[in-house]
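# Inside the fold
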Amino acid sequence: MNVHARKFNDAARRQTADLRQRDWIQTALSGYYARRDEFKNRFQSWSGARDAAAAIKWEAVNHLDRYLDEFASRLEARGARVFWAPDARAARDYVVGVARQHKVRSIIKSKSMTAEEIHLNDALEQAGFEVVESDLGEYIVQLRREPPYHIVFPAMHLTRQQISDLFHDRLGSEPTDNPEDLTMIARRVMRRKYCEADMGISGANFAVAETGMISITENEGNARLTTSLPKIHVAIVGIEKVLPKLSDLALFLPMLATAGAGQPITCYNTLYGGPRQPGEADGPEEFHVVLLDNRRTELLADAEQREALHCIRCGACLNVCPIFKNVGGHSYGTTYQGPIGSVITPHLRGLLDWKHLSQASSLCGACTETCPVKINLHHHLLHNRRNAVRARPARLEKLLQAGFVFMMCRPQVYEWVGWMGRLAQPLQRLVRGTILDPLRAWTRTRSFPPLAEKSFRQLWQERKIP
Amino acid sequence: MTNREIVLGRIREALETAPPHPAFHDDSTGTSPLPASPQSWLPRVGRTLEERIELFRRNAEDLKAEFHVCAGPAEAIQHVKNLASAGGWKKIGRHSGALTDPVARELGLAEVRTDGGYAVNDLESCDAGLTECEALVAQTGSVLVSAPGAGGRALSVLPPHHVVLARRSQMVPDLGAALQHMQEKFKGKFPSFFSFISGPSRTGDIERILVLGAHGPKKLTILLLP
């Protein structure tokens, strides 16, 4: 077992034993389920909308070269600078370079999972720049020096009490158990930052090829301020974010809101097509778009799993996943948690290091059923399992399977094994769940069904035929 | 080789493997579900303008925005005056426009005009931002603002109260119609910014409890003029 798998198992074991935390996550999500269903029902056909969304992303991803080229060319025509980053290092170096070149003093950042993926904040801080997360949830986890718990709700694991204590310790604010007061504390801190910052960093939810624009979806207004006031705006965009047409947003914006957060529409859906244009009142002097590959093309090359690039990062699959709800977001040790993270992380960070995530599934299919772009998530987990075994055959498992086949093909052996089992059973009971128990992996947390005193074959033979 | 060529080269190489059929794993009939228009799946919008205004009102109120239909400019002016005295406004931010000019004149408060540039701290200290818009979207209760049509990027998000003045003719049925309106109006020469605003700024990041006024306006008022 590799280090990542061991860490995952340890963390998952700890978290699943924490019943209070599990209750807390369930409570936090219960409102989401009700609102998601309410707004799904307002659609004339949610399933038709999913079909259409899947088809649009399929078109975009399977003609990615053409649409990306169009996207970049149109942006550049309006004065934006597009940087193509083959890997995380190139992207980090570019952003640090822009910050250095302009001698920026403070950087404000809105939520971006792509920036998390490339550890942009660490790189900027190491280069001596201060970066402040402006999304409330991200700001909270930044103050706690921990990664986001969930790709959409970064601080969902924390109670108001914990947040109040955190603000008291780090910002010197008065303790309060009122979420509104806590929000206003962050608002006041952030207001100063927006006005002072000379560089704003954002992600993007969609990249519209037809018009050369990025689209950012948010509720708080922090991304709008981040991209309005500083003189430089840098957006980190995964290459798979492309949509062919502007009109596609008419479908994707409400679907993202409903699937992701149980809202009919998110508060701000904003399109950015360049730096401040002649005649405009404000906006950045420079607009940089970093198009990030970082092994997405390897996933693209796998035709079978290519559709995992359709993901719009709504987080719906996390919210319904029984594994996520029990092990929690931090156990994964990945940027992207839950089913989609388990599918794509082995591609982005190495199959053999992250194959254990494919087992972090009950294969119930709740993720596949809820995905607004119809990614066949639980099947891709099976694909990853198969690919992992192909890459490194599991010899012990193979031997066991061969033994099983040997036994099942030979009635005498089968009978003998059953007989041995019945003999061994009382002995196993003495050591059940302890280190001496050969069935420990199972019996540590579960009971093992007892073997019947007589086998079916025995009963059948003894049966008097009338 | 440039980075652009490297990444595009990788993509083209990856796409050489034929893609599986878009519906290869599901139970649909296998016909392409590519839509002519998404209107048939999205929430209904009503047929007449009156129905759409009513739908907009319901949606906007659900989003905690205030929506008021004004009989004429005089009523709009009176409404904004009431907001100003109730909110104790001392200074407003605004841009010049056919709808904003008369209201601001009657209001007679100190103002920061964003047309052609402004000082950030000046705008930040305003009590309200007064703007026009590109369209109102009945289906979602959203206001579509653009950089040239609403005094830039920050005016509609920095002051704590955003007041929008719109005309009845700006009511469109859905997001698709609003986006089409932008494409026809700007014909490829797009502004650098446009945004669908759906209610006042909000967050649910603390215990998933709704709080208004996270970073943007705590209040959004939409006044519909003839």
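It should be noted that the structure appears before, not after, this text.
A brief look at the structure comes next. Keep in mind it's a predicted model, so treat the numbers as computed, not measured.

### Some remarks on the pairing of strand E6 (residues 142-146) of chain B
All names here are of chain B. Most of E6 is tucked away, with 5 of its 5 residues classed as buried. Neither face of E6 is open: one carries Ser142, Leu144 and Ser146, the other Val143 and Val145, and all of them are buried. Note: strand E5 (residues 135-137) against E6, 3 bridges, orientation antiparallel. Each residue of the ladder has a partner; that of Ala135, found in E6, is Leu144. Linkage of E5 to E6, two consecutive antiparallel strands, is achieved through a turn of 4 residues, within which Gly141 is found at a positive phi near 70°.

### A word on the packing of aromatic side chains
In this description, a pair of aromatic rings is defined by centroid distance and the angle of the planes. A complete count under the given rule lists 12 aromatic pairs over all chains for this structure. With centroids separated by 4.9 Å and ring planes inclined at 90°, the aromatic side chains of Phe43 of chain A and Trp46 of chain A adopt a geometry described as edge-to-face. Both residues of the pair, Phe43 of chain A and Trp46 of chain A, count as buried. What links up through ring pairs into an aromatic cluster is the set Phe8, Tyr149, Phe324 and Tyr332 of chain A. Over the ring of Tyr336 of chain A we find Arg313 of chain A, and its NZ or CZ is 4.3 Å from the ring centre. The side chain of Arg208 of chain B reaches across the aromatic face of Phe153 of chain A, ending 3.6 Å from its centre.

### Side note on the packing of helix H8 (residues 136-143) of chain A against helix H9 (residues 160-171) of chain A
Residue and element names in this part refer to chain A. Here H8 crosses H9 at 65°, and the two axes come no closer than 10 Å. H8 and H9 meet at a crossing whose hand is left-handed. Contacts between H8 and H9 involve Leu136, Tyr139, Ile140 and Leu143 from the former and Ile163, Leu166, Phe167, Arg170 and Leu171 from the latter. Along the lines of polarity and charge, the residues of the contact of H8 with H9 split into 8 nonpolar, no polar and 1 charged.

### With respect to the interface of chain A and chain B
With 99 residues of chain A at the interface, the matching set in chain B holds 81 residues. Together, the buried faces of chain A and chain B total about 7,700 Å²; carbon and sulfur atoms form 61% of this surface. Inspection of the chain A/chain B interface yields 7 salt bridges. For the salt bridge of Glu76 of chain A with Arg4 of chain B, the shortest nitrogen-to-oxygen distance reads 3.4 Å. Put simply, chain A and chain B have 42 residue pairs in polar contact (both at pLDDT 80 or more) between them. A total of 10 residues in the side of chain A that touches chain B trace back to one element, the largest contributor, which is helix H10 (residues 179-196) of chain A. Among the residues making up the side of chain A that touches chain B, the classes are represented as 50 nonpolar, 27 polar and 22 charged.

Cut-offs used in this document
Residues numbered from 1 in each chain as written. Chains lettered and ligands numbered in written order. Predicted model: local features only at pLDDT ≥ 70, side-chain atom pairs only at ≥ 80, totals over all residues. Heavy atoms only, no water. Buried < 20%, exposed > 50% of the residue type's maximum accessible area, 1.4 Å probe, protein only. Helix = DSSP H or I, 4+ residues; strand = E, 2+ residues; numbered from the N terminus. Pairing = 2+ DSSP bridges. Phe/Tyr/Trp six-rings, centres within 6.5 Å; stacked < 30°, edge-to-face > 60°. Lys NZ or Arg CZ within 6 Å of the ring centre and 35° of its normal. Axes fitted to C-alpha atoms, helices over the stretch in contact; angles between N-to-C directions. Left-handed = near helix turned anticlockwise from the far one by under 90°. Contact = heavy atoms within 4.5 Å. Nonpolar A, V, L, I, M, F, W, Y, C, P; charged D, E, K, R; others polar. Buried area = accessible area lost by both parts, 1.4 Å probe. Salt bridge = Lys/Arg side-chain N within 4 Å of Asp/Glu carboxyl O. Polar contact = N/O pair within 3.5 Å; in protein donor to acceptor, adjacent residues only side chain to side chain.

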